[in-house]
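For reference, the chains in residue letters:
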Amino acid sequence: QVQLVESGGRLVQAGGSLRLSCAASGRTFSYYNMGWFRQSPGKEREFVAAIRWSGDRTYYADSVKGRFTISRDNAKNTVYLQMNSLKPEDTAVYYCAAHDSHRQWVPRSYEYDYWGQGTQVTVSS
């Protein structure tokens, strides 16, 4: 089992920045590929970014490429999402997710093994 706890979400003005954190506990964090997803009211959950277990590969949705950066610190069992140049359309609940790296991984799919409870990000115009 892996427990994931997101933090860092809050209300921010358009053009501002936030850094989300996702702290993992339980099994060895470095075994897991990690992803960030988001969901707005009335919309499906969508992929935002992902990072390989080793940190050497990252993936981004087109809508956030160049504005968001995913990173991880395996010594701290934490994955981060740095969000810059925020837009009102970035408003959503942001979830982190963990995928067992021993299995085949499609970063943009929903096929992750564990999910956090989410943190609310609201961007005002």
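None of these values were measured; they are calculated from a predicted model.

K.L.:
Even after reading the chapter, I still don't get the state of the cysteines, so can you show me in this structure?
P.N.:
Here a disulfide denotes a covalent bond joining the sulfur atom of one cysteine to the sulfur atom of another. Taken as a whole and assessed by the stated rule, the structure comprises one disulfide. Through a disulfide, Cys-22 is tied to Cys-96; the S-S separation comes to 1.9 Å. Linking Cys-22 and Cys-96, the disulfide has an S-S dihedral of approximately 45° and is accordingly described as right-handed. Note that Cys-22 is positioned in strand E3 (residues 18-26) and Cys-96 in strand E9 (residues 92-100), a separation of 74 residues in sequence. Assessed through its relative accessible area of 0%, Cys-22 is described here as buried. Relative accessible area serves as the criterion here: at 0%, Cys-96 is assigned to the buried category.

K.L.:
I keep staring at the sheet that holds strand E1 (residues 2-7) and nothing clicks. Help me out?
P.N.:
Backbone-to-backbone hydrogen bonds join strands into a sheet, with any given pair of strands oriented parallel or antiparallel. Taken together, the four strands give an open sheet; going across it, the order is E1-E3-E8-E7, and neighbouring strands pair in antiparallel fashion. In this open sheet, the two edge strands, each paired with only one partner strand, are E1 and strand E7 (68-73). On average, each strand axis in the sheet is tilted by 15° relative to the strand beside it, whichever way the strands run. Note that E7 and strand E8 (residues 78-83) share six bridges and pair antiparallel. Along E8, the bridge assignment pairs Phe-68 with Met-83.

Parameters and conventions
- Residues numbered from 1 in each chain as written.
- Predicted model: local features only at pLDDT ≥ 70, side-chain atom pairs only at ≥ 80, totals over all residues.
- Heavy atoms only, no water.
- Disulfide = S-S within 2.5 Å.
- Helix = DSSP H or I, 4+ residues; strand = E, 2+ residues; numbered from the N terminus.
- Buried < 20%, exposed > 50% of the residue type's maximum accessible area, 1.4 Å probe, protein only.
- Pairing = 2+ DSSP bridges.
- Axes fitted to C-alpha atoms, helices over the stretch in contact; angles between N-to-C directions.

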